[in-house]
Amino acid sequence: MSDAILLSVSEGMARLTLNRPSRLNAFNADLAHAWRDATIEATTRDDVRAIVIDAAGPAFCAGGDVLDMASTMGSGAEIAALAEVINSGIRALVESAVPVVTAAHGTTAGGGLGILLSGDYAVIGSRSKLGSLYANIGLTPDLSVSAQLARAVGERRALQLVLQDRLLSAQEALDWGLVAEIVEGADAADEAERVRTRAEEVARFWLSGAAAAYGQAKRLVRSQPSRTFAEQLSEEARSIGASFDTADAKARVAGFAAASARRA
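Residues numbered from 1 in each chain as written. Predicted model: local features only at pLDDT ≥ 70, side-chain atom pairs only at ≥ 80, totals over all residues. Heavy atoms only, no water.

Engineer: Would you mind showing me how to read unusual backbone geometry here?
Structural biologist: Peptide bonds are mostly trans, and most non-glycine residues show a negative phi. Its identity is not glycine, yet leucine 133 carries a phi of approximately 65°, on the positive side. As for its position among the elements, leucine 133 is in the loop between β7 (129-131) and α5 (145-153). Judged by relative accessible area, leucine 133 falls into the partly exposed class, the value being 25%. Unlike most non-glycine residues, leucine 143 shows phi in positive territory, near 55°. Following the sequence through the fold, leucine 143 ends up in the loop between β7 and α5. (Helix = DSSP H or I, 4+ residues; strand = E, 2+ residues; numbered from the N terminus. Buried < 20%, exposed > 50% of the residue type's maximum accessible area, 1.4 Å probe, protein only.)

Right under this line is the structure:
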């Protein structure tokens, strides 16, 4: 696999690290293909039950590499084709039954927002900034930003972000519901490391509990827009029935019942 993204798996946790720090982890063709391959591998491995996405260098992801686009892309069709490569990885994460936490220190902009939103739980630093900024170079949202941003923060706030030259502060991103937690550090480097550490703690929390149930809960919420209300209720009923038949659930239900009996 390309060094543009690093993939490691240990004790049920996969870590995907965006690794183009000199370009603020902006996507070129190399990172796009590496992203697709790494995300598909991580979400299809039997030994992965939680995923952490983080990044090397001073920023999480600046979206597309505009300088690379200007020098290597001759047409919009090439840009669209490369976006579809990255989209394959986004779909792999969003449509999987594996919970994903993103550790987004520094700046997240443009398509980087789509990468952040492809996770289910986001941890950022107090110095972090998040924004759209597509229109600054005459482009429109991609990498799931238009698909996921409004679902995360509401349509009106999504429009405020994509129709303005604006970077949200960490506190604004938290207040809007775009991220789950803010972590502080002594300086930017320390803060980045603390963001990564906290994201890993979130993943280990999933792994220490009923990881399969967390994954299925994520799947139910993520896939809900594709169903009617009645269909969603039926899928919930099917899912809880399937979960009840697992060895993990049987042991946990029996333990709960035994503990309740002792307290009675």
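Let us keep going from here.
Engineer: Would you explain the packing of aromatic side chains in this entry?
Structural biologist: In this description, a pair of aromatic rings is defined by centroid distance and the angle of the planes. Applying the stated criterion to the full structure yields 2 aromatic pairs. Summarising the aromatic geometry, the rings of phenylalanine 205 and tyrosine 214 are spaced 5.6 Å apart at their centres and angled 45° between planes, so their arrangement reads as tilted. Here phenylalanine 205 falls in the partly exposed class, since its relative accessible area comes to 47%. (Phe/Tyr/Trp six-rings, centres within 6.5 Å; stacked < 30°, edge-to-face > 60°.)

Engineer: Help me understand the environment of arginine 157, please; the structure alone is not making it clear to me.
Structural biologist: Its place among the elements puts arginine 157 in helix α6 (residues 155-162). Sequence-wise, arginine 157 and alanine 34 are 123 residues apart; in three dimensions their C-alpha atoms are separated by 32 Å. Those residues within four positions of arginine 157 in sequence are excluded, and the remaining contacts are Asp175 and Trp176. (Contact = heavy atoms within 4.5 Å.)

Engineer: I tried to follow the side chain of arginine 219 on my own but got confused; where do I start?
Structural biologist: On the secondary structure map, arginine 219 appears in helix α9 (residues 211-223). Residue classification places arginine 219 among the buried positions, given a relative accessible area of 14%. Within the structure, arginine 219 has its side chain in polar contact with the side chain of glutamine 216 (distance 2.6 Å). When neighbours within four sequence positions are excluded, arginine 219 is seen to be in contact with Ser96, Ala97, Arg227, Glu235, Arg238 and Ser239. (Polar contact = N/O pair within 3.5 Å; in protein donor to acceptor, adjacent residues only side chain to side chain.)

Engineer: It is not clear to me how the sheet that holds β7 should be interpreted in this structure. Could you clarify?
Structural biologist: Either a parallel or an antiparallel arrangement is found when strands of a sheet pair, and the pairing is made through backbone hydrogen bonds. Spatially, the 3 strands line up as an open sheet ordered β5-β7-β8, and their pairing is mixed. Where the open sheet ends on each side, the last strands, each with one partner, are β5 (107-109) and β8 (167-169). Neighbour-to-neighbour, the strand axes of this sheet turn through a mean angle of 20°, independent of strand direction. Where β7 and β8 come together, 3 bridges link them in antiparallel fashion. The residue of β8 that forms the bridge with lysine 129 is serine 169. (Pairing = 2+ DSSP bridges. Axes fitted to C-alpha atoms, helices over the stretch in contact; angles between N-to-C directions.)

Engineer: What is the right way to read the packing of α9 against helix α10 (residues 229-244) from this model?
Structural biologist: The relative placement of two packed helices is expressed as an angle between their axes plus a distance between the axes. Interhelical geometry of α9 versus α10 gives an angle of 170° and a closest axis separation of 11 Å. Accordingly, the angle class assigned to the pair α9 and α10 is roughly antiparallel. Facing α9, whose interface residues are Gln216, Arg219 and Leu220, α10 presents Gln232, Glu235, Glu236, Arg238 and Ser239. (Parallel < 35°, antiparallel > 145°, perpendicular 65-115°, else oblique.)

Engineer: Help me understand the pattern of salt bridges in this model?
Structural biologist: Pairing is possible between side chains that carry opposite charge, provided their charged atoms lie close to one another. Using the criterion set out here, one finds 20 salt bridges in the structure. A salt bridge links aspartate 120 to lysine 218, with the shortest nitrogen-to-oxygen separation between them at 2.8 Å. Highlighted residues: aspartate 120 in the loop between α4 (111-117) and β6 (121-125) and lysine 218 in helix α9, separated in sequence by 98 residues. Under the relative-accessibility criterion, aspartate 120 is labelled partly exposed at 29%. Assessed through its relative accessible area of 8%, lysine 218 is described here as buried. Its salt-bridge partner being aspartate 248, residue arginine 252 comes within 3.0 Å of it at the nearest N-O pair. With arginine 252 and aspartate 248 both in helix α11 (residues 247-263) and 4 residues apart, this pair spans about one turn of that helix. Each of the salt bridges in this network shares a partner with another, and the network as a whole consists of Glu11, Arg15, Asp54, Glu200 and Arg204. (Salt bridge = Lys/Arg side-chain N within 4 Å of Asp/Glu carboxyl O.)

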